[in-house]
Amino acid sequence: MITLDPITLSVTLALVFVISVLVLFIFWRINQTQPGVLHWTLGGFLFAMAFWVVFLATLLDAPWNLGPFLSNSMSLPAVLFTIEGCLRFRGYHSSRRWRQMLLAMPVLVLIAWLNKDDPQARLLFHDAASAIGMCMAGVILCWKTSDRYELQANSLAACSAILGGMAFVIRWQYAFLAPEVDTRPMYVPANQVLFFGLIVFTMGWTYGLGVACYFRSNRQVMQLAREDVLTGLPNRRCIDENLGKTLMESRRSKAPFAVMLIDINAFKQVNDKHGHSAGDALLAGIARRLERAIRGSDFAGRLGGDEFVVIARGIESDEMTPDSEPGVRFNEFLQRLRDELNGPMQVRGHAMDIVVSIGVAFWPEDGDSSDAMLSRADTLMYRDKARTTAAEPSFSHAFQAPS
């Protein structure tokens with residue numbers, strides 16, 4: 001049977017933890033907007049200090065079991081930092097929960113002090129808490145991911161955390177079954193398995209977190225490239241992609257759809273009178289109204305300026321398809337859209353009466369390409385603008401602040 005020197009394993013593990021901390025610190029410096037990375041870095045630092053302390057205490061023959069006490073006092077809070085980092089990375093923010101974790105850390109230190117002279121009790125408590133905490137971190141990383149790609153990106157770090165937890169379970173089992181535990185912490189037989197498992201965990205955990213952070217950053221960049229920063233709606237690029245995809249699907253399935261081009265009447269007056277910040281707030285408000293107005297199967301985006309696009313699937317020029325809202329004709333759908341978008345809105349302390357113009361192009365009668373349908377919708381939108389402006393002779397005063 002091959003046996004490994006516990007001192008060598010301990011030093012190796014401590015060095016691996018140091019490298020992990022440096023890598024996580026670099027992650028944090030590069031991705032300071034990524035939540036949770038700082039907590040992972042602090043957790044890794046405490047883990048590294050815990051193993052260096054127990055090694056040095058054994059080497060120097062420190063009195064009063066100072067090494068195990070300091071090691072447990074650092075490693076248990078490190079587990080809490082790791083859990084909190086995973087929770088924040090996944091978007092589960094809670095100031096109250098974090099305050100409770102901070103309050104729990106002195107309690108863990110107190111328990112470590114009470115157990116410092118009883119190696120069996122020390123291992124039973126420490127390893128159980130560490131195993132549960134590290135398995136929790138792994139589960140949190142994979143819990144209800146948005147899609148299978150995020151699950152795959154987080155799986156290496158999650159599996160590594162669970163592997164580390166299992167290593168603590170093995171030593172806990174040893175402490176539970178052994179009639180007597182060696183008082184020298186470095187020479188506990190199960191430490192060989194534990195230290196080797198933690199070395200593998202640390203390498204997989206560090207690399208896995210790098211993969212997860214890269215995936216998150218790359219997805220955010222892709223989202224920004226396809227999302228309008230001001231309104232949060234899909235931008236022109238995403239509109240073109242969605243319209244092209246809808247056209248291909250309709251050509252194959254013969255399912256009708258409509259493209260609606262929406263413009264805000266007298267929008268320039270808002271910018272001229274109240275400033276561009278008011279105009280931006282108005283666009284954001286219209287975007288929120290538009291999201292409420294469309295159905296789940298529809299698509300809405302900002303084309304540019306004060307123009308928005310809606311792709312209404314399963315809709316024909318005469319009436320809605322049978323599988324959509326029963327008995328609702330297109331004119332009723334269009335009127336419902338106008339009713340939701342039009343009307344008073346408070347923008348930067350100013351009361352504004354919003355009126356929109358809408359042009360609609362139907363597939364296939366109004367075109368069989370993105371450009372043709374958008375061009376037709378644009379033409380009809382300007383006709384609607386001329387009609388609504390003529391019908392509202394006092395519209396030029398609609399954006400005046402109330403006296």
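Conventions used here
- Residues numbered from 1 in each chain as written.
- Predicted model: local features only at pLDDT ≥ 70, side-chain atom pairs only at ≥ 80, totals over all residues.
- Heavy atoms only, no water.
- Helix = DSSP H or I, 4+ residues; strand = E, 2+ residues; numbered from the N terminus.
- Areas by Shrake-Rupley, 256 points an atom, 1.4 Å probe, with all protein chains shown as cover.
- Axes fitted to C-alpha atoms, helices over the stretch in contact; angles between N-to-C directions.
- Left-handed = near helix turned anticlockwise from the far one by under 90°.
- Contact = heavy atoms within 4.5 Å.
- Nonpolar A, V, L, I, M, F, W, Y, C, P; charged D, E, K, R; others polar.
- Buried < 20%, exposed > 50% of the residue type's maximum accessible area, 1.4 Å probe, protein only.
- Parallel < 35°, antiparallel > 145°, perpendicular 65-115°, else oblique.
- Core = buried A, V, L, I, M, F, W, Y, C linked by side-chain atoms within 4.5 Å.
- Patch = residues over 30% accessible without salt bridge, like charges linked within 9 Å, V, L, I, M, F, W, Y side chains within 5 Å.
- Salt bridge = Lys/Arg side-chain N within 4 Å of Asp/Glu carboxyl O.
- Pairing = 2+ DSSP bridges.
- pLDDT = per-residue confidence, 0-100.

1. Structural notes on the overall build of the protein
Now for step 1: For the protein, the count of helices and strands is 12 helices and six strands.
Now for step 2: Summing over all exposed atoms, the protein offers an accessible surface of approximately 20,000 Å²; the carbon and sulfur share of this is 62%.

2. Quick look at the packing of helix 10 (residues 276–293) against helix 11 (residues 330–341)
Now for step 1: Interhelical geometry of helix 10 versus helix 11 gives an angle of 145° and a closest axis separation of 9 Å. Judged by the sense of rotation from one axis to the other, the crossing of helix 10 with helix 11 is right-handed. Between helix 10 and helix 11, the contacting residues are I286, R289, L290, R292 and A293 on the first element and L337, E340 and L341 on the second.
Now for step 2: Here the contact of helix 10 with helix 11 is built from residues that sort into five nonpolar, no polar and three charged.

3. Quick notes on the side chain of H39
Now for step 1: Within the element layout of this structure, H39 appears in helix 2 (residues 37–60).
Now for step 2: Judged by its relative accessible area of 10%, H39 is buried.

4. Quick word on the packing of helix 3 (residues 66–89) against helix 7 (residues 191–226)
Now for step 1: Packing of helix 3 against helix 7 brings their axes to within 13 Å, and their N-to-C directions diverge by 20°. Taken together, helix 3 and helix 7 sit at an angle that is classed as roughly parallel. Along this stretch, helix 3 crosses helix 7, giving a crossing that reads as left-handed. Only W205, A212, C213 and R216 of helix 7 make contact with helix 3, whose side of the interface consists of T82, C86 and F89.
Now for step 2: In the contact of helix 3 with helix 7, the residues fall into five nonpolar, one polar and one charged.

5. So, the nonpolar core
Now for step 1: The biggest cluster of nonpolar side chains holds 47 residues, and the ones touching the most others in it are W40, L141, L198 and W205.
Now for step 2: If you list the elements that add at least two residues to this core, you get helix 1 (6–30), helix 2, helix 3, helix 4 (95–114), helix 5 (119–142), helix 6 (148–177) and helix 7.
Now for step 3: Non-local contacts of L198, meaning those with residues more than four positions away in its chain, are made with L13, F51, M134, G164 and F168.

6. Brief notes about a nonpolar patch on the surface
Now for step 1: On the surface, Y92, V139, W143, I162, M166 and V169 cluster together into a nonpolar patch covering about 500 Å² of accessible area.
Now for step 2: Among the elements that take part in the nonpolar patch, helix 6 stands out by supplying three residues, more than any other.
Now for step 3: In this structure, Y92 sits in the loop between helix 3 and helix 4.

7. As for the pattern of salt bridges
Now for step 1: Counted according to the given criterion, the structure contains 19 salt bridges.
Now for step 2: When the shortest N-O distance is used, the salt bridge between E241 and R226 registers 2.1 Å. Note that E241 is positioned in helix 8 (residues 236–253) and R226 in helix 7, a separation of 15 residues in sequence.
Now for step 3: With a closest N to O distance of 3.2 Å, R236 and D240 form a salt bridge. With R236 and D240 both in helix 8, this residue pair falls four residues apart, about one helical turn.
Now for step 4: The exposure class assigned to R236 is partly exposed, which follows from its relative accessible area of 39%.
Now for step 5: Look at D240 and you get partly exposed, because its relative accessible area is 32%.
Now for step 6: Within the structure, one salt-bridge network assembled from shared partners comprises E84, R88 and R97.

8. Focus on the pairing of strand 4 (residues 343–347)
Now for step 1: With five bridges joining them, strand 4 and strand 5 (residues 350–354) adopt antiparallel strand pairing. If you follow Q346 over to strand 5, its bridge partner there is A351.
Now for step 2: Once strand 4 ends, the chain turns through two residues before running back antiparallel as strand 5, passing R348 with a positive phi of about 55°.

9. Quick notes on the sheet that holds strand 1 (residues 257–264)
Now for step 1: Reading across from one edge, 2-3-1-6 is the order of the four strands in this open sheet, with antiparallel pairing throughout. For this open sheet the edge positions go to strand 2 (299–304) and strand 6 (356–363), each flanked by a neighbour on one side alone. For this sheet, the mean inter-axis angle between neighbouring strands, taken without regard to orientation, is 20°.
Now for step 2: Where helix 10 meets the sheet, its contacts fall on strand 1, strand 2 and strand 3 (307–313), and the angle it forms with strand 3 comes to roughly 10°.

10. Let's talk about the environment of G210
Now for step 1: Along the chain, G210 falls in helix 7.
Now for step 2: On the accessibility criterion, G210 (15% relative accessible area) is buried.
Now for step 3: Sequence separation of G210 and A157 is 53 residues, and the distance between their C-alpha atoms is 8.8 Å.

11. Focus on the side chain of N271
Now for step 1: On the secondary structure map, N271 appears in helix 9 (residues 267–274).
Now for step 2: Once you skip the residues sitting within four places of it in the chain, N271 turns out to touch H276 and G279.

12. Some points on the pairing of strand 2
Now for step 1: Counting buried positions over the six residues of strand 2 gives five, a clear majority of the element.
Now for step 2: Bridge analysis of strand 2 against strand 3 gives five bridges, and the strand direction is antiparallel. Paired with A300 across the two strands is V310, which belongs to strand 3.
Now for step 3: Hairpin connection of strand 2 to strand 3: two residues between the antiparallel strands, including G305 at a positive phi of 60°.

13. Concerning the confidence of the model for the protein
Now for step 1: Looking at the protein, pLDDT values average 85 and 89% of them are 70 or higher.
Now for step 2: The low-confidence segment residues 319–328, where pLDDT is below 50, has 19 contacts with residues more than four positions distant or belonging to other chains.

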